[in-house]
Amino acid sequence: MSCTITSLDSTLYNCVAWAAGDSDRFWWPDSQGIGYWPQNAPREVTANAFISAFLTLGYEPCEGGRLEPGFEKIVIYELHGKPTHAARQLESGRWTSKLGKWVDIEHDTPEAVVAFPKCANYGRPIQFLRRQRPT
Amino acid sequence: MTPTATKTPPITYARRGRLIGCRGWCNPQDKKRHKSLKMPRRSVMSGMGVAGTAAPLVDEPESKLFSSLVRQWKDETLTLSSIEEIALHPAYQRIIGMGPAVVPWILRELEAEPDQWFWALRALTGEDPVDPGARGRIAEMSRSWLSWARHRGIRW
């Protein structure tokens, strides 16, 4: 099982933004209105709010993270009942994660990111979503 | 809202003498009057710190303590995406607890590397010059705060 760093560090975007395909904004439904959050999704730190955010991008809930040709998947992580992280599946079947304000990495499985240094507090994958892979 | 659109009077803090001498954080008119005054050293009470942290707790010059807390905060929030967790980190909260005098230092940090300083700036100044449409755009939000500070005559 391996993880590969694929970018320089950046404070300009975070994991949720990266999973959503946005490297220009920091996505988070904070109560202070600092982070970006889709208007049609609840601005609260809950799994439902995160799922709603990805629904606005055309994703739908699905079972598991196995590679399905033609589909792009994302996964939401949770620790102690709160969302912590999101990752996106690449066409290769590997996963890409932006680690907070740090670097992007690629990892073999959704679970593998937790083994990366300083990432143990991501908890575990709790919800997969998929959409037709953009061409 | 542009920084000039705010109705809050500029830097009332300095008039109360709380920020005098802190890297130009004062009204331009007050500059001459306060020129001879220096930022006092402040003792940080033992026991206010966070258990297990590396930040010094007592009798540390403010700027050194600030730098130490910034390093700790950046290191320990590196992989976090949660703005609440980033802002509620003990080192970040201690920085806010240092009061409005640290605003110029935060602006310097923000200029050097845009980062999640917005929560602290809002808490310390009671203002928010960021356009709602710029939410999440860290570089643009940083520019808004730096522009706001320039309009207020704050130097860093």
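Every chain begins its residue count from 1, and numbering advances along the sequence as written. The lettering of chains begins at A and the numbering of ligands begins at 1, in the order of writing. Only residues with pLDDT of at least 70 get local features here, since the model is predicted, and only at 80 or more are side-chain atom pairs given and counted; chain-wide, interface and lining totals rely on the full set of residues. To get the side-chain values, take all heavy atoms of the structure and skip hydrogens and water.

**Quick word on the nonpolar core**
Here is step 1: Within the largest apolar cluster, 57 residues are counted, with the highest numbers of intra-cluster contacts made by Phe54(A), Ile106(B) and Trp117(B).
Here is step 2: Setting aside chain neighbours within four positions, we find Phe54(A) in contact with Val16(A), Ala19(A), Ala20(A), Tyr59(A), Ile74(A), Ile76(A) and Leu129(A).
Here is step 3: Listed in part, the 13 residues of the second largest apolar core include Cys62(A), Val113(A), Cys119(A) and Phe128(A). By nonpolar core we mean a set of buried residues, namely Ala, Val, Leu, Ile, Met, Phe, Trp, Tyr and Cys, connected to one another through side-chain atoms within 4.5 Å. Throughout this description, buried means an accessible area under 20% of the type-specific maximum (1.4 Å probe, protein chains only), exposed means over 50%, and partly exposed covers the range between. Every residue pair with non-hydrogen atoms within 4.5 Å of one another is taken to be in contact.

**Topic: the packing of helix α7 (residues 118-125) of chain B against helix α8 (residues 138-151) of chain B**
All names here are of chain B.
Here is step 1: As a packed pair, α7 and α8 sit with axes 11 Å apart at the nearest point and diverge in direction by 25°. Here α7 is positioned roughly parallel relative to α8, judged by the angle of their axes. Where α7 crosses over α8, the handedness of that crossing is left-handed. Facing α7, whose interface residues are Phe118, Leu121, Arg122 and Thr125, α8 presents Ile138, Met141, Ser142, Trp145 and Trp148.
Here is step 2: Note on residue categories: nonpolar means Ala, Val, Leu, Ile, Met, Phe, Trp, Tyr, Cys or Pro, charged means Asp, Glu, Lys or Arg, and polar means any other residue, Gly included. Of the residues contributing to the contact of α7 with α8, the split by class is six nonpolar, two polar and one charged. Lines fitted to C-alpha atoms define the axes, with helix axes restricted to the stretch in contact, and inter-axis angles between N-to-C directions lie between 0 and 180 degrees. Runs of H or I in DSSP of at least four residues are treated as helices and runs of E of at least two as strands, each being numbered from the N terminus. Note on angle classes: values under 35 degrees are labelled roughly parallel, values over 145 roughly antiparallel, values of 65 to 115 roughly perpendicular, and the remainder oblique. In this scheme the crossing of two helices becomes right-handed for a clockwise turn of the near helix relative to the far one and left-handed for an anticlockwise turn of less than a right angle.

**Here we look at the interface of chain A and chain B**
Here is step 1: With 28 residues of chain A at the contact, the number on the chain B side is 24 residues.
Here is step 2: Take the accessible area each of two parts loses on contact, using a 1.4 Å probe, and add the two losses: that sum is the buried area. Of the roughly 2,300 Å² buried where chain A meets chain B, counting both sides, 54% is carbon and sulfur surface.
Here is step 3: Per-residue buried area on chain A facing chain B is highest for Ile34(A), Lys101(A) and Lys118(A); these three make up 32% of the total on that side.
Here is step 4: Salt bridge, as used here: a side-chain nitrogen of Lys or Arg that lies within 4 Å of a carboxyl oxygen of Asp or Glu. At the junction of chain A and chain B, the tally comes to two salt bridges.
Here is step 5: The salt bridge involving Asp75(B) is made with Lys118(A); its shortest N-O contact spans 2.7 Å.
Here is step 6: In the analysis that follows, any N or O atom pair within 3.5 Å is treated as a polar contact, provided that within protein one partner can donate a hydrogen and the other can accept it, and provided that, for residues neighboring in sequence, both atoms belong to side chains. The interface formed by chain A and chain B contains 15 residue pairs in polar contact (both at pLDDT 80 or more).

**Focus on the pattern of salt bridges**
All names here are of chain A.
Here is step 1: A complete count under the given rule lists 16 salt bridges over all chains for this structure.
Here is step 2: With its nearest N and O atoms 3.2 Å apart, the salt bridge here joins aspartate 30 to arginine 43. Linking aspartate 30 in the loop between α1 (15-19) and α2 (47-55) with arginine 43 in the loop between α1 and α2, this pair joins segments that are 13 residues apart in sequence.
Here is step 3: The salt bridge involving arginine 130 is made with glutamate 68; its shortest N-O contact spans 2.4 Å. One end of the pair, arginine 130, is in strand β7 (residues 124-132); the other, glutamate 68, is in the loop between β2 (60-62) and β3 (71-79), and 62 residues separate them in sequence. Accessibility classification places arginine 130 together with glutamate 68 in one group, the buried group.
Here is step 4: What you see here is one network of salt bridges that share partners, running through Glu60, Glu68, Lys73 and Arg130.

**Examining the packing of helix α3 (residues 62-76) of chain B against helix α5 (residues 90-97) of chain B**
Residue and element names in this part refer to chain B.
Here is step 1: Between α3 and α5, the shortest axis-to-axis distance is 8 Å and the interhelical angle comes to 150°. Between α3 and α5, the crossing angle belongs to the class labelled roughly antiparallel. Here α3 runs over α5; the crossing is left-handed. Across from Leu65, Phe66, Leu69, Val70, Gln72 and Trp73 in α3, the residues of α5 making contact are Ala91, Tyr92, Arg94 and Ile95.
Here is step 2: When grouped by side-chain class, the residues that make up the contact of α3 with α5 number eight nonpolar, one polar and one charged.

**Focus: helix α6 (residues 103-112) of chain B**
Here is step 1: Among the residues making up α6(B), those that are buried are Val103(B), Pro104(B), Trp105(B), Ile106(B), Leu107(B) and Leu110(B).
Here is step 2: Lining the buried residues of α6(B) we find α3, α5, α7 and α8 of chain B.

**Some words on the confidence of the model for chain B**
Residue and element names in this part refer to chain B.
Here is step 1: The quantity known as pLDDT measures the predictor's confidence residue by residue, on a range of 0 to 100. Summarising the model, chain B shows a mean pLDDT of 75, and 62% of its residues fall at 70 or more.
Here is step 2: Ignoring residues within four places in sequence, the model shows residues 1-53, a span with pLDDT below 50, making 85 contacts including any to other chains.
Here is step 3: Across the interfaces of the predicted complex, the ipTM metric reaches 0.96, alongside a pTM of 0.80.

**Some points on the packing of aromatic side chains**
Residues and elements named next belong to chain A.
Here is step 1: Each Phe, Tyr or Trp ring, with Trp reduced to its six-membered ring, pairs with another whose centre is within 6.5 Å; inter-plane angles below 30 degrees give stacked pairs, above 60 give edge-to-face pairs, and intermediate values give tilted ones. Going through the model one piece at a time under the given rule, you end up with 14 aromatic pairs over all chains.
Here is step 2: Their ring planes at 65° and their centres at 4.9 Å tell us that tryptophan 27 and tyrosine 36 sit as a pair that is edge-to-face.
Here is step 3: Taking 5.0 Å as the distance between ring centres and 55° as the angle between the ring planes, the aromatic pair formed by tryptophan 37 and phenylalanine 50 counts as tilted. Separated by 13 residues along the polypeptide, tryptophan 37 in the loop between α1 and α2 and phenylalanine 50 in helix α2 bring together distant segments of the chain. By the burial criterion, tryptophan 37 is buried, and phenylalanine 50 matches it.
Here is step 4: Linked through ring pairs, Trp27, Trp28, Tyr36, Trp37 and Phe50 together constitute an aromatic cluster.

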